[in-house]
Amino acid sequence: MKTPHILIVDDEPNIVMSLEFLMRKNGYQVGIARNGTEALAAIAETPFDLVLLDVMMPDVDGYQVCQQLRQRPDRAATKVVFLSAKSHDADVQKGYDVGADLYVPKPFSTRQLMEKVRELLAGKPSL
């Protein structure tokens, strides 16, 4: 079984560093994109198993990244988890509307995030 490959997309360096450390510590391969444009380029190049995606970014926002990812039949299996400070019901709903598998408001528990990541990668439905 191959090691799952996770793409971390966030414009906040501290969040990228902590998530990268957490994912590597848990045995995952990690790719990093610091904005939506980099994320789309990485997704075009690599079939990631899961994308941890911030919503608010300076160029292309997370909703647009998710929408474009969902339009690619060759990336249909990629799981998308939004990590966002935008936690109003409308923001969360928009995340699911564009194709998110999960929407986690910031701040979040890294332990709970890891549980959700494992569940999604194992193919278990999340609530």
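Note that the coordinates shown come from a computational prediction; the quantities given were computed from them, not determined experimentally. (Residues numbered from 1 in each chain as written. Predicted model: local features only at pLDDT ≥ 70, side-chain atom pairs only at ≥ 80, totals over all residues. Heavy atoms only, no water.)

1. Here we look at the overall build of the chain
Thinking step 1. Summing up its helical and strand segments, the chain has 5 helices and 5 strands in all.
Thinking step 2. Over its C-alpha atoms the chain spans a radius of gyration of 13 Å, differing by no more than 12% from the 14 Å that the globule rule assigns to 127 residues.
Thinking step 3. Out of the 127 residues belonging to the chain, those deemed buried represent 42%.
Thinking step 4. In the chain, of all internal contacts separated by at least 6 residues, the share reaching a separation of at least 24 is 63%.
Thinking step 5. Here the chain displays about 6,800 Å² of accessible surface, and carbon together with sulfur accounts for 53% of that area.
Thinking step 6. Between the averaged position of the 15 positive side-chain charges in the chain and that of its 17 negative side-chain charges there is a distance of 7 Å. (Helix = DSSP H or I, 4+ residues; strand = E, 2+ residues; numbered from the N terminus. Rg over C-alpha atoms; globule rule 2.2 N^0.38 Å. Buried < 20%, exposed > 50% of the residue type's maximum accessible area, 1.4 Å probe, protein only. Contact = heavy atoms within 4.5 Å. Areas by Shrake-Rupley, 256 points an atom, 1.4 Å probe, with all protein chains shown as cover. Lys, Arg positive; Asp, Glu negative; His and termini not counted. Charge placed at Lys NZ, Arg CZ, Asp CG, Glu CD.)

2. A few points about the pairing of strand 2 (residues 29-33)
The side chains of a regular strand alternate between the sheet's two faces.
Thinking step 1. For strand 1 (residues 5-9) and strand 2, the ladder comprises 5 bridges, and the chain directions are parallel. In the strand pairing of strand 2, Val9 is matched with Ala33.
Thinking step 2. Crossover connection from strand 1 via helix 1 (residues 13-25) to parallel strand 2: handedness right-handed. (Pairing = 2+ DSSP bridges. Right-handed = clockwise from strand over helix to strand, strands pointing away.)

3. Looking at the UniProt feature "modified residue: 4-aspartylphosphate" (unreviewed entry) in the chain
Thinking step 1. Mapped onto the present numbering, the UniProt feature "modified residue: 4-aspartylphosphate" (unreviewed entry) falls on Asp54.
Thinking step 2. Along the chain, the position of Asp54 falls in strand 3 (residues 50-54).
Thinking step 3. Filtering out sequence-adjacent residues up to four positions away, Asp54 remains in contact with Val9, Asp10, Asp11, Gly62, Leu83, Ser84 and Lys106. (UniProt positions renumbered as here; feature names shortened; annotations may be inferred.)

4. What to know about the sheet that holds strand 1
Thinking step 1. Spatial strand order, 2-1-3-4-5: 5 strands in an open sheet with parallel pairing. The sheet terminates laterally at strand 2 and strand 5 (102-105), the two strands that pair on one side only. Within the sheet, the average angular offset between the axes of one strand and its neighbour, ignoring direction, is 20 degrees.
Thinking step 2. Across the sheet, helix 4 (residues 89-97) lies against strand 4 (79-84) and strand 5, angled at about 150 degrees from strand 5, the strand it touches most. (Axes fitted to C-alpha atoms, helices over the stretch in contact; angles between N-to-C directions.)

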